[in-house]
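Residue-level structure breakdown
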Amino acid sequence: MSMRLRLAILIYGMIQGVVFGIGTVLVLGVPSFSEQAMTLMPAVVILSVILAAPIAWSMAPRLRLRFWQQRERQQALRRVTLS
């Protein structure tokens, strides 16, 4: 299993929760949508499950990149202090 897939799986639930929250606020906050909330909320659930996967997949390398940049900085500081 690749590191990108592992990170995507790890953050999938959090991203799904955020997408679901945004959709819920939109459905319940807009008066014309709130009248149809019983039919729109299942659509929000399905869309949050579907949309969270590509968002998590696209965010995973960015999380790893930050880690590698921080790690390189720490190694550079160690090199300077050891020499």
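What counts, and at which threshold
- All chains use their own residue numbering, which begins from 1 and follows the written sequence.
- It should be noted that, the model being predicted, local features are given only for residues of pLDDT at least 70 and side-chain atom pairs only at 80 or more, the latter also being counted only at that level, while totals for whole chains, interfaces and linings use all residues.
- Values reported for side chains reflect all heavy atoms of the structure, with hydrogen atoms and water molecules removed beforehand.
- Numbering of helices and strands runs from the N terminus, with a helix taken as a DSSP run of H or I at least four residues long and a strand as a DSSP run of E at least two residues long.
- Throughout, radius of gyration means the C-alpha value; the globule benchmark is 2.2 Å times the number of residues raised to the power 0.38.
- Any two residues having at least one pair of non-hydrogen atoms within 4.5 Å are treated as being in contact.
- A patch consists of residues exposed above 30% relative accessible area that lack any salt bridge, with like charges linked at up to 9 Å and nonpolar side chains (Val, Leu, Ile, Met, Phe, Trp, Tyr) linked at up to 5 Å.
- In this description, accessible areas are obtained by the Shrake-Rupley approach with a 1.4 Å probe, and a residue is regarded as covered only by the protein chains that are shown.
- Salt-bridge detection follows one rule: a side-chain nitrogen of Lys or Arg within 4 Å of a carboxyl oxygen of Asp or Glu.
- In these notes, a set of buried Ala, Val, Leu, Ile, Met, Phe, Trp, Tyr and Cys residues joined through side-chain atoms within 4.5 Å is what counts as a nonpolar core.
- Each residue is placed in one exposure class: buried if its accessible area under a 1.4 Å probe, protein chains only, is under 20% of its type's maximum, exposed if it is over 50%, and partly exposed if it falls in between.

**Here we look at the overall build of the protein chain**
Broken down by element type, the protein chain carries 3 helices and 0 strands. When the helices and strands of the protein chain are placed in sequence order, the string is α-α-α. Relative to the globule expectation of 12 Å for 83 residues, the C-alpha radius of gyration of the protein chain, 20 Å, shows a markedly less compact shape. With respect to the three principal axes, the spread of C-alpha positions in the protein chain is 70 × 30 × 15 Å.

**Looking at the environment of arginine 4**
Take arginine 4: it is sitting in helix H1 (residues 3–29). Here the alpha-carbon distance between arginine 4 and serine 58, two residues 54 residues apart in the chain, equals 9.1 Å. Setting aside its immediate chain neighbours within four residues, arginine 4 contacts Trp57, Ser58, Ala60 and Pro61.

**Side note on a nonpolar patch on the surface**
Together, Phe20, Val45, Ile46, Val49 and Ile50 make up a nonpolar patch on the protein surface, roughly 410 Å² of accessible area in all. The element best represented in the nonpolar patch is helix H3 (residues 37–82), accounting for 4 residues. Mapped onto the elements of the fold, isoleucine 50 is located in helix H3.

**Notes on the nonpolar core**
Generally speaking, soluble globular proteins have nonpolar side chains that are buried together. Residues Leu7, Ala8, Ile11, Ile15, Val19, Ala52, Ala56 and Ala60 constitute the largest nonpolar core, which totals 8 residues. Secondary-structure elements contributing two or more residues to this core are H1 and H3. Per-element accounting of this core gives the leading share, 5 residues, to H1. Contacts of valine 19, omitting those with residues within four sequence positions, involve Ser48 and Ile55.

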